[in-house]
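Below, each chain spelled out in residue letters.
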Amino acid sequence: MTQIHAPTDHDRLLIIDFGSQVTQLIARRLRELHVYCEIHPFNAVTPEFLAEFAPKAVILSGGPASVFAEGAPRPPEQVFELNVPILGICYGQQVMMEMLGGKVERGHNTAEFGRAYVTPETEQLDLLEGWFLTEREQVWMSHGDHVSRIAPGFRVFGTSPNAPFAVTADPDRHFYAVQFHPEVHHTPNGAKLYENFVRLAGFKGDWTMSAYREEAIAKIRETVGDDKVICGLSGGVDSSVAAVLIHEAIGDQLTCVFVDHGLLRKGEAEEVVTMFRDHYNMPLIHADEQDLFLGELDGQDDPEAKRKIIGKLFIDVFQKHATEVGDAKFLAQGTLYPDVIESVSFSGGPSVTIKSHHNVGGLPEKMGLKLVEPLRELFKDEVRALGVELGLPKSFIGRHPFPGPGLAIRCPGEITRAKLDILREADAVYIDQIRKHGLYDDIWQAFVAILPVRTVGVMGDGRTYDFACALRAVTSVDGMTADYYPFTHEFLGETATRIINEVPGINRVTYDITSKPPGTIEWE
Ligand code: XMP
């Protein structure tokens, strides 16, 4: 059976996923309303699962299938017998109508993709309270098939030119069905519908980070008992928040291992050690393994070889230092909810995508360790909120992501200590510029890459023959796709001048304007 993640003493909302690209956005909207919800694929939601999950309300997501397709995905019939409010969205609306006695027809001229406008009927509906800010509300439609007859008990509460049943409901049973996607940005007032839905379902909005903190601490204590836990601390947000939370729960039973592979940014090692060892008083092993890593990387210029060397050494080094802790039974990881959501697979059972943690992949089995993953129920921004709740400085929590292999993948070609030093200085100046101009929080990630070419320049009266570097800055939602950041020419000019003046070893600065795809964010 698909795993339930929820703390049991919260009201829970079940999102049954039919494979829509935007199902996670539904969960985000609900979490913003302090409602605990989980996404489970339709083919994992059995009657037994429903009974155990005991949702206080259910949302049927959109999805790419047609209800006419053979084996079209459906929720179990029992979902309609739970006696709880149900909201069907797009495909969820169609499958609801089909199963409750209505009729769905194939698209032809009634398919609708993109912006549409819904106008209200005269009868009022609790779900729509306060939703119509004007005479018609903008929504986002994306459907081929459409409902041609609504199910018995349902009435129409909103229409659009191509969707006469844009909003329907059986108010007595609290069954609601909308043809559009209220969760997306292009339905500007969509959050209001979710707010109304959870209010009328009776949710208390008790899913707050301070409540979560207390519960997570109790759960960690119960899981770990008197045993020891080790945690690989990278200085990134996820591992840092996980470490602080676990430390609050079990104190010095937790030891953190911070591996310094010599590929960190300027001042980074000191910052992490000062904050966690001195400020939080955590037992922290600062594994200074720069010579080992840089020695093994010497002469290597193949990107894959470099990554493999770093990955393997990381595990060896982590294991060596973790063994110093003695009889640790648990390994703490900062796994997040998007990593554990099961995705819908139409070919067979539900597929599970669990991303292995790049830093310590394979270690739990190798060392016979059990896992503690206190962030498994959280989205990234909830982790940030929890970090703030735990007292981590906002500037630390809002830091750009930094990859495990560090500066190695920003130094194409052979890595030398001299190049790394130049890169660190240039990166520090660039980030300083971005902060000074108030742009840091608008950017997903920004860094300098030092290029494996030397170029000729004139400085003062002499010729120089120094490295060229590339500035990179991107906007992104999840790192999967990205666009370059549109700095002004003034900003770029000023930054180039500062880097060339302040960083010996660089005499040429370029700006990388590649989006992802086709490029990647990192250079290697
Ligand atoms: P790319 O370069 O693939 O990067 O567009 C997407 C995001 O992932 C980060 N990244 C990594 N993070 N270990 C990590 O922890 C890695 O090996 C790694 N490679 C890329 C990258 O910084 C960006 O945020």
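Before any of the text, the structure's been laid out above.
A brief look at the structure comes next. Just so it is clear, the structure is predicted and the values come from calculations on it, not from any experiment.

Reading the values: the criteria
Residues numbered from 1 in each chain as written. Predicted model: local features only at pLDDT ≥ 70, side-chain atom pairs only at ≥ 80, totals over all residues. Heavy atoms only, no water. Helix = DSSP H or I, 4+ residues; strand = E, 2+ residues; numbered from the N terminus. Buried < 20%, exposed > 50% of the residue type's maximum accessible area, 1.4 Å probe, protein only. Contact = heavy atoms within 4.5 Å. Areas by Shrake-Rupley, 256 points an atom, 1.4 Å probe, with all protein chains shown as cover. Lys, Arg positive; Asp, Glu negative; His and termini not counted. Charge placed at Lys NZ, Arg CZ, Asp CG, Glu CD. 1 Å grid on protein atoms, 1.4 Å probe; cavity = no way out; pocket = protein on both sides within 12 Å on 5 of 7 lines; lining within 4 Å. Points joined across faces, edges and corners; volume = space filled by probe spheres on them. Nonpolar A, V, L, I, M, F, W, Y, C, P; charged D, E, K, R; others polar. Expected span 1.5 Å × (residues − 1). Arc of directions from axis to C-beta. Patch = residues over 30% accessible without salt bridge, like charges linked within 9 Å, V, L, I, M, F, W, Y side chains within 5 Å. Salt bridge = Lys/Arg side-chain N within 4 Å of Asp/Glu carboxyl O. Near = heavy atom within 4 Å. Polar contact = N/O pair within 3.5 Å; in protein donor to acceptor, adjacent residues only side chain to side chain. Pairing = 2+ DSSP bridges. Axes fitted to C-alpha atoms, helices over the stretch in contact; angles between N-to-C directions.

1. Quick notes on the overall build of the chain
Turning to step 1, where the next piece is worked out: Along its length, the chain carries 15 helices and 22 strands.
Turning to step 2, where the next piece is worked out: Dimensions of the chain, computed from C-alpha atoms along their principal axes, come out at roughly 85 × 60 × 40 Å.
Turning to step 3, where the next piece is worked out: Per-residue burial over the chain gives 55% buried out of 524 residues.
Turning to step 4, where the next piece is worked out: Pairs at least 24 residues apart make up 77% of the contacts formed inside the chain by residues separated by at least 6 positions.
Turning to step 5, where the next piece is worked out: As displayed, the chain offers around 22800 Å² of accessible surface, 51% of which is attributable to carbon and sulfur atoms.
Turning to step 6, where the next piece is worked out: Charge centroids of the chain, computed over 49 positive and 74 negative side chains, lie 2 Å from each other.

2. Regarding empty space enclosed by the protein
Turning to step 1, where the next piece is worked out: Inspection of the entire model under this criterion finds 2 cavities of 30 Å³ or more.
Turning to step 2, where the next piece is worked out: For the second largest cavity, the calculated volume is near 30 Å³.
Turning to step 3, where the next piece is worked out: Around the second largest cavity, the lining residues are Gln93, His146, Val147, Asn162, Ala163, Pro164, Phe165 and Gln179.
Turning to step 4, where the next piece is worked out: Every element with two or more residues in the lining of the second largest cavity is listed here: strand E8 (146-149) and strand E10 (163-170).
Turning to step 5, where the next piece is worked out: Grouping the amino acids of the lining of the second largest cavity by side-chain chemistry returns 4 nonpolar, 4 polar and no charged.

3. Side note on helix H6 (residues 237-250)
Turning to step 1, where the next piece is worked out: With 14 residues, H6 extends 20 Å between its outermost C-alpha atoms, agreeing within 8% with the 20 Å of an ideal straight helix rising 1.5 Å per residue.
Turning to step 2, where the next piece is worked out: Counting buried residues along H6, 13 of its 14 residues qualify, which places the element largely inside the surrounding structure.
Turning to step 3, where the next piece is worked out: With its phi angle positive at about 55°, Gly251 sits one or two positions after the end of H6.

4. With respect to the side chain of Arg213
Turning to step 1, where the next piece is worked out: By secondary structure assignment, the location of Arg213 is in helix H5 (residues 209-224).
Turning to step 2, where the next piece is worked out: For Arg213, a relative accessible area of 15% translates into the label buried.

5. A closer look at the environment of Pro338
Turning to step 1, where the next piece is worked out: Along the polypeptide, Pro338 turns up in helix H10 (residues 337-340).
Turning to step 2, where the next piece is worked out: The exposure class assigned to Pro338 is partly exposed, which follows from its relative accessible area of 32%.
Turning to step 3, where the next piece is worked out: C-alpha separation for the pair Pro338 and Gln290, spaced 48 residues apart in sequence, amounts to 33 Å.

6. So, helix H8 (residues 290-297)
Turning to step 1, where the next piece is worked out: Those residues of H8 that sit buried are Phe293, Leu294 and Leu297. Along the axis of H8, the buried residues cluster in a sector spanning 90°; they form a single face.
Turning to step 2, where the next piece is worked out: Tucked into the core, H8 has its buried residues touching strand E13 (254-260), helix H9 (303-324) and helix H14 (417-436).
Turning to step 3, where the next piece is worked out: Once H8 finishes, Gly299 follows within two positions and takes phi at roughly 80°, a positive value.

7. Let's talk about a negative patch on the surface
Turning to step 1, where the next piece is worked out: Taken together, Asp298, Asp301, Asp302 and Glu414 make up a surface patch of like negative charges.
Turning to step 2, where the next piece is worked out: On the secondary structure map, Asp302 appears in the loop between H8 and H9.
Turning to step 3, where the next piece is worked out: Among the residues examined, Asp302 registers a relative accessible area of 39% and is labelled partly exposed.

8. Thoughts on the site of the ligand
Turning to step 1, where the next piece is worked out: Around the ligand there are 12 residues in total, and Arg307, Gln445, Lys516, Ile521 and Glu522 lie nearest to it.
Turning to step 2, where the next piece is worked out: One nitrogen or oxygen atom from the side chain of Arg307 is found 2.7 Å from an oxygen atom belonging to the ligand.
Turning to step 3, where the next piece is worked out: Between an oxygen atom of the ligand and a side-chain N or O atom of Glu522, the distance comes to 2.5 Å.
Turning to step 4, where the next piece is worked out: Protein contact buries 75% of the 490 Å² of open area that the ligand shows by itself.

9. Observations regarding the sheet that holds strand E9 (residues 155-160)
Turning to step 1, where the next piece is worked out: Spatially, 9 strands are ordered E2-E1-E3-E4-E11-E10-E9-E6-E7 in an open sheet, and the strand pairing comes out mixed. Strands at the two margins of the open sheet, each flanked by one partner only, are strand E2 (36-41) and strand E7 (137-143). Averaged over all neighbouring strand pairs, the angle between strand axes comes to 25°, with direction disregarded.
Turning to step 2, where the next piece is worked out: Alignment of strand E4 (residues 86-89) against strand E11 (residues 175-178), held across 4 bridges, turns out to be parallel. Counterpart to Ile86 in the pairing with E11 is Phe175.

10. Concerning the pattern of salt bridges
Turning to step 1, where the next piece is worked out: The tally for this structure, following the rule as stated, stands at 28 salt bridges.
Turning to step 2, where the next piece is worked out: Linking Lys308 and Glu304 is a salt bridge whose minimum nitrogen-to-oxygen distance equals 4.0 Å. Here Lys308 and its partner Glu304 are both found in helix H9, 4 residues apart, which amounts to about one turn of the helix.
Turning to step 3, where the next piece is worked out: For the salt bridge of Glu502 with Arg498, the shortest nitrogen-to-oxygen distance reads 2.7 Å. Within this pair, Glu502 and its partner Arg498 are both found in helix H15 (residues 489-502), separated by 4 residues, close to a single helical turn.
Turning to step 4, where the next piece is worked out: Salt bridges sharing common partners tie together Arg28, Arg29, Glu32 and Asp381.

11. Remarks on unusual backbone geometry
Backbone geometry follows two general trends: most residues other than glycine have a negative phi, and most peptide bonds adopt the trans configuration.
Turning to step 1, where the next piece is worked out: With an omega of -15°, the peptide bond running from Lys516 to Pro517 counts as cis.
Turning to step 2, where the next piece is worked out: Each neighbour pair has its own omega, and for Pro517 with Pro518 the value is 10°, a cis peptide bond.
Turning to step 3, where the next piece is worked out: Of note in the backbone geometry, Ala54 takes a positive phi value of approximately 45° without being a glycine.
Turning to step 4, where the next piece is worked out: When you line up the elements, Ala54 lands in the loop between helix H2 (47-53) and strand E3 (57-60).
Turning to step 5, where the next piece is worked out: The phi angle at Asn281 is positive, at roughly 55°, despite the residue not being glycine.
Turning to step 6, where the next piece is worked out: Positionally, Asn281 belongs in the loop between helix H7 (268-279) and strand E14 (284-288).

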